[in-house]
Amino acid sequence: MATAAAAAVATSSAATIFNSAADCCARRVFLVNSLQVPTRSSSAFLRTSRTINSHSRAASSICSSSSSSSVVNAAMATEASAKVIDGKSIAKEIREEIAAEISRMKESIGIVPGLAVILVGERKDSATYVRNKKKACESVCIKSYEVHLAEDSTEREVLEHISSFNNDPSVHGILVQLPLPSHMNEQNVLNAVCTEKDVDGFSPLNIGRLAMRDREPLFVPCTPKGCIELLHRCGITIKGKRAVVIGRSNIVGMPAALLLQREDATVTIVHSRTKNPEEITREADIVISAVGQPNMVRGSWIKPGAVVIDVGINPVEDAKSPRGYRLVGDVCYEEASKIASAITPVPGGVGPMTIAMLLSNTLAAAKRAHKFE
């Protein structure tokens, strides 16, 4: 009775946390490989601020406490047994492959891919991301274009720059750095990017094609694409498996679920209105979590032997860290790593893959534009 009551309390607590995070996953996050901090965001996805709120502190404390589940306690009696999915190493391999293909393209037709980024305002996290995007482009010989506009620039100015890049044959991919200032209509701006250069993969046409059988999107959103690539490169079977995606944002959760379905997994989406999220998640062979809540997914949520892909990257208070905080995922790593068969760390898991997939999409756009096989 005591165990059942404790489990009920844990499930109720998880549901409460989930409800408070209803749309957290609309915000984008990238890891800065050199600094290991989150660098890319938009108005509603994972927190990138160094401000540590009281909820984050509470969640961190919860994760460090003992689990209420007797099953989890038994599984955690041994050392961590899960294989660590090294996203940083895999992303490096992908960048090397991209660089080799770009070299071949340049030698064959004299063309190198071009990626344009439009940055509006002075947000430090956005500026850091753009700098690291530029470094990543240079590392694989993608030509980088950048427009940096003032915070008080008009939406019309942004649209004019997008139009210019749309019509520039040397630019194969366009990325508008989010979030935009509040006086701009984000959808209007993003919809202005021509579909053939939408390397973020967020246009309705790309998502529509992703959702339909026997149709191929021009581009797949970078973070979900990186999640699936990690599974492929680690030799993890998706076909026929039960998969749970935690979070339903347009940027990660929803396209991740569509990709898993394309791979013939049986897919369930757990979201802010889902009843019994712990029970549902515990049935999954593959879990992808992208809700932006630190340590929300406990060990008791994980089926023994499951594969866990943690997209979350959240700052939590840590007095021992020189920065005063450390980064954790949506999944309580200390618990899950003792139950899962494989798991991504935070940082160093999904984050590096996102930029690698952006470079991959840009190369694909250039090859398509010049009919290069």
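Up top you'll find the structure we're talking about.
Residues numbered from 1 in each chain as written. Predicted model: local features only at pLDDT ≥ 70, side-chain atom pairs only at ≥ 80, totals over all residues. Heavy atoms only, no water.

Caption draft 1: Representation of unusual backbone geometry in the model. For the bond running from L178 to P179, omega is 5 degrees, close enough to zero to count as cis. Tracing the sequence through the fold places P179 in the loop between β4 (173-176) and α7 (186-191). Between V346 and P347 the backbone carries a cis peptide bond, its omega angle lying at 0 degrees. Considering the arrangement of structural elements, one finds P347 in the loop between β11 (342-343) and α13 (350-369). With a phi close to 70 degrees, D264 is a non-glycine residue in the positive phi region. (Helix = DSSP H or I, 4+ residues; strand = E, 2+ residues; numbered from the N terminus.)

Caption draft 2: Just the sheet that holds strand β6 (residues 266-270), in detail. Pairing within the open sheet is parallel, and its 6 strands lie in the order β1-β11-β8-β7-β5-β6. Edge positions in the sheet fall to β1 (83-84) and β6, since each of these pairs with one other strand and no more. Note that strand β8 (residues 307-310) and β11 share 2 bridges and pair parallel. For V308, the partnering residue across the bridge sits in β11 and is I343. Across the sheet, helix α10 (residues 253-262) is in contact with β5 (242-246), β6 and β7 (286-289); its angle to β5 comes to roughly 170 degrees. (Pairing = 2+ DSSP bridges. Contact = heavy atoms within 4.5 Å. Axes fitted to C-alpha atoms, helices over the stretch in contact; angles between N-to-C directions.)

Caption draft 3: Representation of the packing of aromatic side chains within the structure. For the coordinates displayed, the defined rule picks out 1 aromatic pair. Geometry around Y325 places R323 over its ring, the cationic atom sitting 4.9 Å from the centre. Seen from the ring of F219, R368 lies directly overhead, with NZ or CZ sitting 5.1 Å from the centre. (Phe/Tyr/Trp six-rings, centres within 6.5 Å; stacked < 30°, edge-to-face > 60°. Lys NZ or Arg CZ within 6 Å of the ring centre and 35° of its normal.)

Caption draft 4: Broad picture of a negative patch on the surface. Negative charge collects at one region of the surface, where E122, E151, D152 and E157 lie side by side. Tracing the backbone through its elements, the reader meets E157 in helix α6 (residues 155-166). (Patch = residues over 30% accessible without salt bridge, like charges linked within 9 Å, V, L, I, M, F, W, Y side chains within 5 Å. Areas by Shrake-Rupley, 256 points an atom, 1.4 Å probe, with all protein chains shown as cover. Salt bridge = Lys/Arg side-chain N within 4 Å of Asp/Glu carboxyl O. Lys, Arg positive; Asp, Glu negative; His and termini not counted. Charge placed at Lys NZ, Arg CZ, Asp CG, Glu CD.)

Caption draft 5: Here's a closer look at the sheet that holds β4. In space, the 3 strands of this open sheet follow the order β3-β2-β4, with parallel pairing throughout. Strands at the two margins of the open sheet, each flanked by one partner only, are β3 (143-149) and β4. Between one strand axis and the next, the sheet turns by 15 degrees as a mean value, whatever way the strands run. One ladder, built from 7 bridges, connects strand β2 (residues 114-120) with β3; its direction is parallel. Directly across from L115, in β3, lies its bridge partner S144. Lying over the sheet, helix α5 (residues 124-140) contacts β2, β3 and β4, oriented at roughly 170 degrees with respect to β2.

Treat this as a map of the structure, not an account of what it does.
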